[in-house]
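Architecture at a glance
Listed below, chain by chain, are the residues.
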Protein chains: 2
Amino acid sequence: MSLLGGIDLGGTKVQAVVVGDDLRVLGDARLPTPTTGGPQDVADAMAAALREAAEGHGDPVAIGVGSPGVIDEAAGVVSSARNLPGWEGSFPLAGALQHALGVPIAIGNDVNVATDAEFELGAAREFTSLLGVFWGTGVGGGIVLDSKPWTGRGAAAEIGHVVVEIGGSRCPCGRRGCMEAYAGRGAMELRARKLVDEGRKSVLFEIMEERGRPRLTSGIWKRALDRDDDLAHELVDRAVRALGAGVASAVNVLDVEAVVIGGGLGLKLGEPYAERLRVAMQPHLFASERPPAIRLAALGDLGGAIGAALLARRLA
Amino acid sequence: MSLLGGIDLGGTKVQAVVVGDDLRVLGDARLPTPTTGGPQDVADAMAAALREAAEGHGDPVAIGVGSPGVIDEAAGVVSSARNLPGWEGSFPLAGALQHALGVPIAIGNDVNVATDAEFELGAAREFTSLLGVFWGTGVGGGIVLDSKPWTGRGAAAEIGHVVVEIGGSRCPCGRRGCMEAYAGRGAMELRARKLVDEGRKSVLFEIMEERGRPRLTSGIWKRALDRDDDLAHELVDRAVRALGAGVASAVNVLDVEAVVIGGGLGLKLGEPYAERLRVAMQPHLFASERPPAIRLAALGDLGGAIGAALLARRLA
């Protein structure tokens, strides 16, 4: 059996898997993403996670990587990965990993490979067209049309930057009125902090301190909702409203059969919020009599790494 | 030489062309769309226009139709063409035209075939991906990806109903905050009338009466702008602002190489307004360092009929 490896490079963790011929996960490992140093330190952590995932299963013949930032797939170079330490410039990630692990490396966009995994193995197996919506720190997207990924000129599916309010809230990207300005966990935390500083009551930051976290993770938002925190409800409602309009807009353009919801917040809030998204989309859908299927990502946290392994098939 | 026919069925006019093997237009004719009667009367006018276009050139071997409404291409049936007289239900348009003209008939969506024509013969010949934006009574769209039309489940490219303002202005479609609610000529006329009823001054309706028109045509908007009418400027500015956000949102999803602007208002206002759209899109584009090319439709008023003739090739 020839094994494939997959590595999902995130801002907080590196998730690695090793899959067999049938694409089932044989081993997996997770390491924290280094917060100091530079790209070579990140590459070292990625190699270590992959070795740990492969332990006892044998060496993969090829490895795929899902990465944030701007990706030159042909050159294997990742640039402007601003959530990673010292990675404002360009780094030859494929070369560094090939050097460390001794096998060919394929690199793709993290959200695109996660979408491909849901399409091929996950929640959208029975469809031929799909929009993946990854609701986390930002709101990323991936597109499959006619059973093939659509990446445009390299920046398709940037659904977080669909405009839902001309001249609206400032987005972490610097623009105004983007869906992500309301729905991204990063923007939600900024707004929560501002409102608490202005005197609003909320358990959000108390939970954050109790749990020793430096920021409002998806789990903290979930706990605050479970404790019926007014501010958490208000900001999540606002996010769902923006997602409803923005995702419906993307569906009005693409007319895909299905929308798959993943990402930290999407997975943590789960089916009740997928249902709320369905309801929030409905008033904006052009073909409202036959809305797309809305599904939660079925591969969960491992989706990105599994999708990265799929990417490695073309090298195996 | 085997000729092809093309008919563009619009709310105000029926435009027919006959093209040769090289797809050059040999003959063309235009008739007003019947405003009374029913679908059979419209089909009669379409057949008459096509015969007039073909006169002196010989009979086409197949004819394509670009139609509004909901289209069942396989059955040749058009439903819910609400801008056409008595066409709320379904009508077998392909059968009626085949009966009248004696050759096979292919039917497609009016905006999609116009986009295909610009892709193959018009302003987007050198590109492989394209968004067509038809700015008229409504705002319609067409998509070409990887040199092939993308129609989704039949309702892709409904860019007029991309949301630019959650809870915003009421759209003629009944929803709120759609791009068309600000940029469609129909919505613009409703707003102009309301503001004039409330006491705003404007030459818009004076020009309309002078020219004996029942509504504010694209030419009337152009004349009012040329006469520096404040209200016309205000409403066209508002439309451009909405188009900037909505078209940029669609580009953030699709990442196409080019956007082609057509439709009555798009063609009448021309290059200065294409440039204004470029400027209005820029602050919303995710990949703002390499915006798509923005081009005016090169085939003008005949684009729809030429695109319809392209559709007929598969029957010839």
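Residues numbered from 1 in each chain as written. Chains lettered and ligands numbered in written order. Predicted model: local features only at pLDDT ≥ 70, side-chain atom pairs only at ≥ 80, totals over all residues.

**Some thoughts on the overall build of chain A**
Each helix and strand in chain A was counted, giving ten helices and 13 strands. Overall, the C-alpha framework of chain A stretches about 55 × 45 × 35 Å when taken along its three principal axes. Contacts spanning at least 24 positions in sequence make up 64% of the contacts within chain A whose residues lie at least 6 apart. (Helix = DSSP H or I, 4+ residues; strand = E, 2+ residues; numbered from the N terminus. Contact = placed C-beta atoms within 7 Å.)

**Description of the sheet that holds strand 1 (residues 4-9) of chain B**
All names here are of chain B. Reading across the sheet, the five strands line up as 3-2-1-4-8 and stay open at both edges, with mixed pairing between neighbours. Two strands bound the open sheet, and with one partner strand each, they are strand 3 (25-32) and strand 8 (105-109). Averaged over all adjacent pairs, the angle separating strand axes in this sheet is 15°, with direction ignored. Relative to strand 4 (residues 62-67), strand 1 runs parallel, the two sharing five bridges. Counterpart to Asp-8 in the pairing with strand 4 is Gly-66. Sheet strands touched by helix 3 (residues 110-120): strand 1, strand 4 and strand 8. Its angle to strand 8, the strand with the most contacts, is close to 95°. (Pairing = 2+ DSSP bridges. Axes fitted to C-alpha atoms, helices over the stretch in contact; angles between N-to-C directions.)

**Details of the interface of chain B and chain A**
Opposite the 32 residues of chain B that make contact, chain A presents 32 residues. At eight residues, the largest contribution of residues to the side of chain B that touches chain A is made by helix 8 (residues 230-254) of chain B. Tallied by class, residues from the side of chain B that touches chain A come to 19 nonpolar, six polar and seven charged. (Nonpolar A, V, L, I, M, F, W, Y, C, P; charged D, E, K, R; others polar.)

**Digging into the domain arrangement of chain A**
All names here are of chain A. Assigned domains within chain A: domain 1 (4-114 + 302-315) and domain 2 (125-298). Inter-centroid distance (C-alpha atoms) of domain 1 to domain 2 is 25 Å. At the interface, five residues of domain 1 touch ten residues of domain 2. A per-element tally of the side of domain 1 that touches domain 2 places helix 3 (residues 110-120) first, with three residues. Grouping the amino acids of the side of domain 1 that touches domain 2 by side-chain chemistry returns two nonpolar, three polar and no charged. (Domains from an automatic or database assignment.)

**Here's the deal with the pairing of strand 12 (residues 258-262) of chain B**
As a general feature of sheets, a regular strand has side chains that alternate between the two faces. All names here are of chain B. Burial analysis of strand 12 places five of its five residues in the buried class, the great majority of the element. Every second residue of strand 12 is oriented toward a common face, with Ala-258, Val-260 and Gly-262 on one face and Val-259 and Ile-261 on the other, all of them buried. Summarising the sheet, strand 12 and strand 13 (residues 293-296) pair through four bridges and their orientation is parallel. The residue bridging Val-259 from the neighbouring strand is Ile-294, located in strand 13. (Buried ≥ 20, exposed ≤ 12 C-beta atoms within 10 Å, placed from the backbone.)

**Brief notes about the sheet that holds strand 11 (residues 148-149) of chain B**
Residues and elements named next belong to chain B. Pairing in this open sheet of five strands is mixed, and the strands run 11-10-9-12-13 from one edge to the other. A single partner strand is all that each edge strand has here, and the edge strands are strand 11 and strand 13. Summarising the sheet, strand 10 (residues 139-145) and strand 11 pair through two bridges and their orientation is antiparallel. Bridging from a neighbouring strand, Val-144 pairs with Pro-149 of strand 11. Strand contacts of helix 10 (residues 271-281): strand 12 and strand 13, with the helix running at about 155° to strand 13, the strand carrying the most contacts.

**Some details on the relation of the copies chain B and chain A**
Its rotation angle being 180°, the transformation that places chain B on chain A also includes 0.0 Å of axial translation and leaves an RMSD of 0.0 Å. Within this description, the copies of the chain are treated as partners about a two-fold rotation axis. Judged by C-alpha distance, B:Glu165 is the residue of chain B that lies nearest the rotation axis, at 2.2 Å. Take the interface residues of chain B: 100% of them recur as interface residues in chain A, which is what a same-surface contact looks like. (Least-squares fit on C-alpha atoms with pLDDT ≥ 70 in both.)

**Considerations on helix 7 (residues 218-226) of chain A**
Residues and elements named next belong to chain A. For helix 7, every residue scored as buried is listed here: Ile-220, Trp-221 and Ala-224. Along the axis of helix 7, the buried positions cluster into a sector of 100°, meaning they face one direction only. Where helix 7 is buried, its residues touch helix 6 (204-210), helix 8 (230-254) and helix 9 (263-281). Phi turns positive, to about 60°, at Asp-228, one or two residues after helix 7. (Arc of directions from axis to C-beta.)

**Overview of the packing of helix 7 (residues 218-226) of chain B against helix 8 of chain B**
All names here are of chain B. Where helix 7 contacts helix 8, the two axes come as close as 8 Å, and the packing angle between them is 120°. Relative to helix 8, the element helix 7 lies oblique. The way helix 7 lies across helix 8 gives a crossing that is left-handed. Across the interface between the two elements, Trp-221, Ala-224 and Leu-225 from helix 7 touch Ala-232, His-233 and Val-236 from helix 8. Along the lines of polarity and charge, the residues of the contact of helix 7 with helix 8 split into five nonpolar, one polar and no charged. (Parallel < 35°, antiparallel > 145°, perpendicular 65-115°, else oblique. Left-handed = near helix turned anticlockwise from the far one by under 90°.)

**Points about helix 1 (residues 39-54) of chain A**
Along an α-helix, a turn takes 3.6 residues, which lines up residues three or four apart on a common side. All names here are of chain A. Between its terminal C-alpha atoms helix 1 stretches 23 Å, which fits the 22 Å expected from 16 residues at 1.5 Å a residue. Taken as a whole, helix 1 has its buried residues at Pro-39, Val-42, Ala-43, Ala-45, Met-46, Ala-49, Leu-50, Ala-53 and Ala-54. If you follow the buried residues of helix 1, they end up packed against strand 1 (4-9), strand 2 (13-19), strand 3 (25-32), strand 4 (62-67), strand 7 (90-91) and helix 2 (93-101). Where helix 1 terminates, the next one or two residues include Gly-56, which has phi positive at roughly 85°. (Expected span 1.5 Å × (residues − 1).)

**Looking at unusual backbone geometry**
The phi dihedral of A:Ser147 is positive, around 65°, even though this residue is not glycine. The residue A:Ser147 is located in the loop between strand 10 (139-145) and strand 11 (148-149) in this model. Its identity is not glycine, yet B:Ser80 carries a phi of approximately 55°, on the positive side. One can find B:Ser80 in the loop between strand 6 (77-79) and strand 7 (90-91). Owing to 13 C-beta atoms within 10 Å, B:Ser80 belongs among the partly exposed residues under this scheme.

**Quick look at the environment of A:Leu97**
All names here are of chain A. Topologically, Leu-97 is positioned in helix 2. Residue classification places Leu-97 among the buried residues on the basis of 24 C-beta atoms within 10 Å. Contacts of Leu-97, omitting those with residues within four sequence positions, involve Ala-43, Met-46, Ala-47, Ile-63, Val-65 and Ile-105.

**Some details on the confidence of the model for chain A**
Summary statistics for chain A give a mean pLDDT of 96 and a share of 100% for residues scoring 70 or more. In the model output, the complex is listed with pTM 0.95 alongside ipTM 0.94. (pLDDT = per-residue confidence, 0-100.)

**Here we look at the environment of A:Ala232**
Residues and elements named next belong to chain A. For Ala-232, the location among the structural elements is in helix 8. C-alpha separation for the pair Ala-232 and Ile-220, spaced twelve residues apart in sequence, amounts to 9.7 Å. Excluding its chain neighbours within four sequence positions, the residues that come into contact with Ala-232 are Ser-202, Leu-204, Trp-221, Ala-224 and Leu-225.

**Some words on the environment of A:Ala258**
Residue and element names in this part refer to chain A. The topology assignment puts Ala-258 in strand 12 (residues 258-262). Each C-alpha atom of the pair Ala-258 and Leu-131 lies 6.4 Å from the other, and the pair is 127 residues apart in sequence. Residues within four places of Ala-258 in sequence aside, it is in contact with Ala-124, Phe-127, Leu-130, Pro-292, Ala-293 and Arg-295.

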